[in-house]
Amino acid sequence: MRTRKTSDLNADILEGHYSAALCHLANASYRLGQQVPFNAQTKAFGDNKEAYDALERVQEHLKDNMVPLDGLNYRLGQKLTIDPQTEMTTSEEANLILKGTYRKPFIVPERVV
């Protein structure tokens with residue numbers, strides 16, 4: 001950014017934007033989530049097989065390391081739906097987290113022309 005040479009970048013600008021956006025979305029989801037007990041019968045992930053597979057791997061890892069799961073909770077992030085046109089979520093709460101708060105003189109106007 002300082003030299004304005006794209007050859008100095010570590011990644012393509014759009015790829016960097018998407019990478020950072022995924023991290024911000026994950027943070028918003030986590031912050032809006034809730035504590036839930038380790039319980040395979042809760043169906044917390046709906047029909048998402050990959051999510052259940054990942055949770056099962058975590059449970060196996062904890063079991064292999066002798067971490068008892070009885071009475072333990074984990075944080076289940078809120079499911080967020082993203083509008084690809086606006087790059088905003090359908091959750092007003094998540095959008096407020098993503099927008100953040102600013103202090104003078106670093107205020108970003110609502111509409112940038």
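Just above sits the structure.
Attention in this report is confined to the structure presented alongside it. (Residues numbered from 1 in each chain as written. Predicted model: local features only at pLDDT ≥ 70, side-chain atom pairs only at ≥ 80, totals over all residues. Heavy atoms only, no water.)

### Things to note about the overall build of the chain
Secondary structure assignment for the chain yields three helices and four strands. The N-to-C order of helical and strand elements in the chain reads α-β-α-β-β-β-α. Relative to its length of 113 residues, the chain is extended, with a C-alpha radius of gyration of 19 Å against a globular reference of 13 Å. For the chain, the C-alpha atoms occupy an extent of roughly 55 × 35 × 30 Å along the three principal directions. Counting over 113 residues, the chain shows a buried share of 15%. Considering only contacts in the chain between residues 6 or more positions apart, those separated by 24 or more positions represent 64%. (Helix = DSSP H or I, 4+ residues; strand = E, 2+ residues; numbered from the N terminus. Rg over C-alpha atoms; globule rule 2.2 N^0.38 Å. Buried < 20%, exposed > 50% of the residue type's maximum accessible area, 1.4 Å probe, protein only. Contact = heavy atoms within 4.5 Å.)

### As for the packing of aromatic side chains
This structure, assessed with the given rule, holds one aromatic pair. On the numbers, 5.2 Å between centres and 75° between planes, the contact of F45 with Y52 is edge-to-face. For F45, a relative accessible area of 21% puts it in the partly exposed group. For the cation-ring pair, R75 lies above Y30, with the distance from its terminal atom to the ring centre recorded as 5.1 Å. (Phe/Tyr/Trp six-rings, centres within 6.5 Å; stacked < 30°, edge-to-face > 60°. Lys NZ or Arg CZ within 6 Å of the ring centre and 35° of its normal.)

### Some words on a nonpolar patch on the surface
Together, Y102, I107, V108 and V112 line one region of the surface with nonpolar side chains, adding up to about 400 Å² of accessible area. Overall, the relative accessible area of 45% leaves Y102 in the partly exposed class. (Patch = residues over 30% accessible without salt bridge, like charges linked within 9 Å, V, L, I, M, F, W, Y side chains within 5 Å. Areas by Shrake-Rupley, 256 points an atom, 1.4 Å probe, with all protein chains shown as cover. Salt bridge = Lys/Arg side-chain N within 4 Å of Asp/Glu carboxyl O.)

### Notes on helix α2 (residues 49-64)
Three- or four-residue spacings in an α-helix give side chains the same orientation, since the helix completes a turn every 3.6 residues. Spanning 16 residues, α2 covers 22 Å between terminal C-alpha atoms, matching the ideal 22 Å at 1.5 Å per step. What α2 keeps buried is the set A51, L55, Q59 and L62. Buried residues along α2 cover an arc of 75° about the axis, so they all sit on one side. Those residues of α2 that are exposed and aimed more than 90 degrees away from the buried face are K49, E50, R57 and D64. Check the buried side of α2 and you find it contacts β2 (73-76). Capping the start of α2, N48 holds a side-chain oxygen 3.2 Å from the backbone nitrogen of E50, two or three residues further along. Two residues or fewer after α2 comes M66, characterised by a positive phi angle close to 55°. (Expected span 1.5 Å × (residues − 1). Arc of directions from axis to C-beta. Polar contact = N/O pair within 3.5 Å; in protein donor to acceptor, adjacent residues only side chain to side chain.)

Take it as geometry only, folks, not as evidence of what the structure does.
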